[in-house]
Amino acid sequence: NTAVTLYLSQLRSASEIVLTGGQDDPLAGFTVIDEDLCTSEGKVLLHVFTTSTCEACTWIEPALVRAVDGFENEVTLHRWQLDTGDDLATPEIESGISRQALDLFKAFNNEGKVPFTVFGCTHVRKGNFYSSITQEEEGFRTIIQELIV
């Protein structure tokens with residue numbers, strides 16, 4: 001055990017550890033997927049998957065809504081609640097998630113974790129990343145701006 005501890009200590013002292021994508025990076029936490037951009041009627045599709053009992057989902061909701069504000073002509077937001085089937089972004093009460101949205105959820109999130117975001121089919125993220133709601137909003141807005149260019 002002492003030999004292993006010494007060996008690990010030597011490895012650490014001889015290594016250079018570089019952290020990227022930290023709390024100052026607005027794209028941190030997102031995985032870039034090599035897929036075609038998902039659009040409908042000329043607008044980039046944004047899908048957010050939650051459940052009605054998810055506290056982390058409730059916490060992130062204001063950041064998401066504010067990030068999309070002002071981009072209504074460029075993006076379409078879907079806020080799918082998996083346990084009810086409702087798209088919270090529409091005034092109607094849906095009784096099921098669209099096949100396309102469910103396929104996206106399954107393709108990129110085999111663990112079924114929420115909140116889960118799919119922005120334009122090119123950026124995905126499981127869970128929340130930042131401890132600040134302002135940083136969450138900035139991250140969402142940065143990706144939206146990249147996607148609509």
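Up top you'll find the structure we're talking about.
Rules and cut-offs
Residues numbered from 1 in each chain as written. Predicted model: local features only at pLDDT ≥ 70, side-chain atom pairs only at ≥ 80, totals over all residues. Heavy atoms only, no water. Core = buried A, V, L, I, M, F, W, Y, C linked by side-chain atoms within 4.5 Å. Buried < 20%, exposed > 50% of the residue type's maximum accessible area, 1.4 Å probe, protein only. Helix = DSSP H or I, 4+ residues; strand = E, 2+ residues; numbered from the N terminus. Contact = heavy atoms within 4.5 Å. Disulfide = S-S within 2.5 Å. Pairing = 2+ DSSP bridges. Phe/Tyr/Trp six-rings, centres within 6.5 Å; stacked < 30°, edge-to-face > 60°.

Q: Would you explain the nonpolar core in this entry?
A: Side chains of nonpolar character tend, in soluble globular proteins, to be buried together. Of all hydrophobic cores here, the largest spans 17 residues; its most connected members are Leu46, Val75, Phe119, Phe140 and Ile144. At the level of secondary structure, the elements contributing two or more residues to this core comprise β3 (43-50), α2 (55-68), β4 (75-81) and α4 (133-147). Per element, the largest residue contribution to this core is five residues, and it comes from α2. Contact partners of valine 75, with chain neighbours within four places excluded, come to Lys43, Val44, Leu46, Val68, Ile144 and Ile148.

Q: Explain the state of the cysteines to me, please; I cannot follow it from the model alone.
A: A complete count under the given rule lists two disulfides for this structure. Each sulfur in the disulfide pair cysteine 38 and cysteine 121 lies 1.6 Å from the other. Disulfide cysteine 38-cysteine 121: torsion about the S-S bond near -95 degrees, hence left-handed. Of this pair, cysteine 38 sits in the loop between β1 (31-32) and β2 (39-40) while cysteine 121 is found in the loop between β6 (116-119) and β7 (123-126), placing the two residues 83 residues apart along the sequence.

Q: Got a minute to help me understand the pairing of β7 in this structure?
A: Two faces make up the sheet, and in a regular strand the side chains alternate between them. The sheet contact formed by β1 and β7 spans two bridges and is antiparallel. Among the inter-strand pairings, valine 32 is bridged to a residue of β7, identified as histidine 123. Judged from the four bridges that link them, β6 and β7 form a sheet pairing that is antiparallel. Directly across from threonine 117, in β7, lies its bridge partner arginine 125. Between the antiparallel neighbours β6 and β7 lie three residues, among them glycine 120 with a positive phi of about 65 degrees.

Q: Honestly, the packing of aromatic side chains in this entry has me stumped. Any pointers?
A: The geometry of an aromatic ring pair comes down to the distance between the two centres and the angle between the two planes. Per the counting criterion, the structure on display carries seven aromatic pairs. Judged by centre distance (5.9 Å) and plane angle (45 degrees), the rings of phenylalanine 30 and phenylalanine 119 are tilted. Of the two residues, phenylalanine 30 sits in the loop between α1 (2-14) and β1 while phenylalanine 119 sits in strand β6, which places them 89 residues apart along the sequence. Feature note: the residues Phe30, Phe119 and Phe140 constitute an aromatic cluster, connected by ring pairs.

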